[in-house]
Amino acid sequence: MKNQRVGSSIDWMTILLYIALVIMGWMTIYSASLPIEETSLFDLSQIYGRQMLFIGLTIPIIFIILFTDAKLFERFSFIFYGVGILLLLGLFAFGKTIKGQTNWYQFGGFGFQPSEFVKTATALLLAKFLSYSQINLKFTKHQLMGLAIIGLPIFLILLQPDAGSAMIFISLIFVLNREGLPSWYFISGIVAIGLFFFSLVIPPTYLIIIVFVLMIVHYVFNRKITRNPVVYGLIYLAIVAFSFSVSFVYNNVLEAHQKDRINVLIGDDVDMKKEGYNLDQSMIAIGSGGFFGKGYLEGTQTKGGFVPEQHTDYIFTTVGEEWGFIGSTLVIALFVTLFLRIIYLAENQKTKFSRVYGYCVATYLFMHFFVNIAMLIKLFPTIGVPLPFFSYGGSSLWAFTILLFIFIKLDANKVNEW
């Protein structure tokens, strides 16, 4: 009787959104990787054939999750996290280096990227930690413990180095903020990112003058926070030091390819035939789709192979070219509907563990979606972040499926929670 109640409580709207996105994702991969000579849809020598296999293997994964006792995800969250950390550590001994990043295990013709699965493990442990009744994020000790759960995988992933995946983990600061983390953590991060980019396009001397004026204005008109001139002075000194350090970090710490990606974003000394080529071709492909698109399988940029990695990080360029503004809007609407649905379900959970985990799922998916599309239209530096359910790859598809369906299971189980 209990299993029947749980089964009947599954949120089918979320599952239908998932199915729609996976199907549309495969269709896009098929178009982006279709060879000149037609072959079987299940031809494993072709990218779309392997993706079909990956999709098929999600079916047993989904059934295993849905028939697992929901309490086990909370009970063994620390073990899942520990195994994930060990897998990240193992990369430094057994990982395969691809394009300067050691973030894959290679098994024959298939690869396995552990950071994708560690996202779920980190979300489970963070939810478990925050669900303890004695945890209060107003206390510094508890803040540091929560940040440490997120920080350990970030540290190991940065050593690979994989800045894109690390940034996705950093986004969990939104979840901590939702659960009571003081807003100054979040605000400080936004200010630091803004100062970094402004310091690259504005001489530091001018920048600190602008900041000084803004802080004076804030000091004069501030009514909510204690106007302590010493605090303002220390903050200003920290901003000055940070602004002048950006040049050193940019020239001596960042790798050449990382500087190229930033230069492409800010339009500084970019060769469109080299480092700016991918982004330039991506924007051409999306723009050429117009309002209605060129038609499915009719994209000239896609068929011509002008956009490198079009079946992975640049998959949305095929959507833009072949499906146009109308199709792109439909895809974006499906994603946004999924995000809002997850947030709605999270807010209606009966346990804090399920609620926090739901917010982690929404945050992960949204950040992948936002960054992937933003980098294609020159709103974000180009980094290796897949578009959920669309980009080619077994690791990302299975990881996103596990991440989402654990929450679907937790949501279905709320009928048994008191």
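About the thresholds
Counting from 1, residues in each chain are numbered in the order their sequence is written. Side-chain atom pairs in this predicted model are given and counted only at pLDDT of 80 or more, local residue features only at pLDDT of at least 70, and totals for whole chains, interfaces and linings cover all residues. Working from all heavy atoms in the structure, the side-chain values ignore hydrogens and water. The secondary structure listing takes helices from DSSP runs of H or I that are at least 4 residues long and strands from runs of E that are at least 2 residues long, numbered from the N terminus. When we talk radius of gyration, it's over C-alpha atoms, and the globule rule is simply 2.2 Å times the number of residues to the 0.38. Buried, partly exposed and exposed residues are distinguished by accessible area as a fraction of the type maximum, computed with a 1.4 Å probe on protein chains only: under 20%, between the cut-offs, and over 50%, respectively. Note on contacts: a residue pair qualifies if any of its non-hydrogen atoms lie within 4.5 Å across the two residues. Reported accessibility uses the Shrake-Rupley method at a 1.4 Å probe radius. Residues are deemed covered only where the shown protein chains occlude them. Stacked, edge-to-face and tilted are the three classes for Phe, Tyr and Trp ring pairs, Trp counted by its six-membered ring, which pair at centre distances within 6.5 Å; planes under 30 degrees apart are stacked, over 60 edge-to-face, the rest tilted. Pairs of strands are assigned from DSSP output, requiring at least two bridges between the strands. Under this scheme, a helix contributes an axis fitted over its contacting stretch, all axes are lines through C-alpha atoms, and angles between N-to-C directions fall in the 0 to 180 degree range. Between N or O atoms, a polar contact is any pair within 3.5 Å; within protein, one atom must be a potential hydrogen donor and the other a potential acceptor, and residues adjacent in sequence are included only when both atoms are from side chains. Note: crossing handedness is left-handed where the near helix turns anticlockwise from the far helix by less than a right angle, and right-handed where it turns clockwise. Like-charged residues within 9 Å of one another, or nonpolar side chains (Val, Leu, Ile, Met, Phe, Trp, Tyr) within 5 Å, are grouped into patches, provided each residue has over 30% relative accessible area and no salt bridge. A side-chain nitrogen of Lys or Arg and a carboxyl oxygen of Asp or Glu constitute a salt bridge if their distance falls within 4 Å. In this charge count, Lys and Arg are treated as positive and Asp and Glu as negative; neither His nor the chain ends contribute.

## Details of the overall build of the protein
And step 1. Counting its secondary structure elements, the protein contains 18 helices and three strands.
And step 2. Computed over C-alpha atoms, the radius of gyration of the protein comes to 23 Å, within 12% of the 22 Å expected from 2.2 N^0.38 for 418 residues, which places it in the range of a compact globule.
And step 3. In terms of principal-axis extent, the alpha carbons of the protein reach across some 70 × 60 × 45 Å.
And step 4. Considering the protein as a whole, with its 418 residues, one finds that 46% of them fall into the buried category.
And step 5. When contacts within the protein are restricted to residue pairs at least 6 apart in sequence, long-range pairs at least 24 apart make up 70% of them.
And step 6. Accessible surface, the protein as shown: approximately 20,900 Å² in total, 69% of it carbon and sulfur.

## Details of the packing of aromatic side chains
And step 1. Tallying each qualifying case throughout the model produces 21 aromatic pairs.
And step 2. Centroid distance Tyr105 to Phe112: 6.1 Å. Interplanar angle 20°. Geometry classified as stacked.
And step 3. Judged by relative accessible area, Tyr105 falls into the buried class, the value being 10%.
And step 4. Seen in terms of ring centroids, Phe339 and Phe369 are 5.4 Å apart; in terms of plane orientation they differ by 65°. Their pairing is edge-to-face. Of this pair, Phe339 sits in helix α16 (residues 316-347) while Phe369 sits in helix α17 (residues 352-376), and the two are 30 residues apart along the sequence. Phe369 matches Phe339 in its accessibility class, with the two residues each being buried.
And step 5. Taken together, Phe335, Phe339, Phe366, Phe369, Phe370 and Phe390 form an aromatic cluster joined through their ring pairs.

## A few points about the sheet that holds strand β1 (residues 96-98)
And step 1. Spatially, β1-β2-β3 is the arrangement adopted by the three strands of the open sheet, whose pairing is antiparallel. Here the strands that pair on one side only, and so sit at the sheet edges, are β1 and β3 (110-112). Direction aside, neighbouring strands of the sheet carry axes that sit 55° apart on average.

## What about the pairing of strand β2 (residues 101-107)?
And step 1. Where β1 lies against β2, three bridges are found, and the strand directions are antiparallel. By the bridge assignment, Lys96 is partnered in β2 with Trp104.
And step 2. Linking two consecutive strands that pair antiparallel, namely β1 and β2, is a turn of two residues; a positive phi of about 55° is found at Lys99 within it.
And step 3. Relative to β3, β2 runs antiparallel, the two sharing three bridges. Looking across to β3, one finds that Gln106 is bridged to Gly111.
And step 4. Hairpin connection from β2 to β3: two residues lie between these consecutive antiparallel strands, with Gly108 at a positive phi of about 65°.

## A word on the side chain of Ser391
And step 1. Of note, Ser391 is situated in the loop between α17 and α18 (394-412).
And step 2. Among the polar contacts made by the side chain of Ser391, one reaches the main-chain carbonyl oxygen of Thr312 at a distance of 2.7 Å.
And step 3. Polar side-chain contacts of Ser391 include one of 2.8 Å to the backbone nitrogen of Leu387.
And step 4. Other than its neighbours up to four places away in sequence, Ser391 contacts Ile29, Gln51, His311, Thr312, Asp313, Ile315, Asn372, Pro386 and Ser396.

## Quick look at the environment of Ile150
And step 1. Mapped onto the fold, Ile150 is located in helix α7 (residues 140-158).
And step 2. In the structure, Ile150 is positioned 213 residues away from Thr363 in sequence and 13 Å away in space, judged by C-alpha atoms.
And step 3. With residues near it in sequence (within four places) discarded, Ile150 still touches Thr122, Leu126, Phe169, Leu172 and Leu176.

## Points about helix α8 (residues 163-170)
An α-helical segment advances 3.6 residues per turn. Residues three or four places apart therefore align on the same side.
And step 1. Burial within α8 is extensive, with six of its eight residues counted as buried.
And step 2. Among the residues of α8, Gly164, Ser165, Ala166, Met167, Ile168 and Phe169 are the ones counted as buried.
And step 3. Considering only its buried residues, α8 is in contact with α6 (114-131), α7 and α17.

## Some remarks on the environment of Lys352
And step 1. Residue position: Lys352 is located in helix α17.
And step 2. Placed 109 residues apart in sequence, Lys352 and Ser243 show a C-alpha to C-alpha distance of 40 Å.
And step 3. Contact partners of Lys352, with chain neighbours within four places excluded, come to Leu130, Ser131 and Glu179.

## Points about the packing of α6 against α17
And step 1. At a minimum axis distance of 8 Å, the contact between α6 and α17 shows a crossing angle of 145°. Relative to α17, α6 is oriented so that their crossing is right-handed. Residues Glu116, Lys119, Thr120, Thr122, Ala123, Leu124, Leu126, Ala127, Lys128, Leu130 and Ser131 of α6 lie in contact with α17, whose contacting residues are Lys352, Phe353, Val356, Tyr357, Cys360, Tyr364 and His368.

## Describing a nonpolar patch on the surface
And step 1. A contiguous nonpolar surface patch, about 790 Å² in accessible area, is contributed by Tyr206, Ile209, Phe212, Val213, Ile216, Val217, Val220 and Phe221.
And step 2. Turning to its location among the elements, Val220 is positioned in helix α11 (residues 204-221).

## Some details on the side chain of Asp162
And step 1. Topologically, Asp162 is positioned in the loop between α7 and α8.
And step 2. Buried and without a salt bridge, Asp162 has Lys119 as its closest oppositely charged side chain, separated by 7.5 Å.
And step 3. Within the structure, the side chain of Asp162 is placed 3.3 Å from the side chain of Asn103, a separation counted as a polar contact.

In short, shape yes, function no, at least from these values alone.
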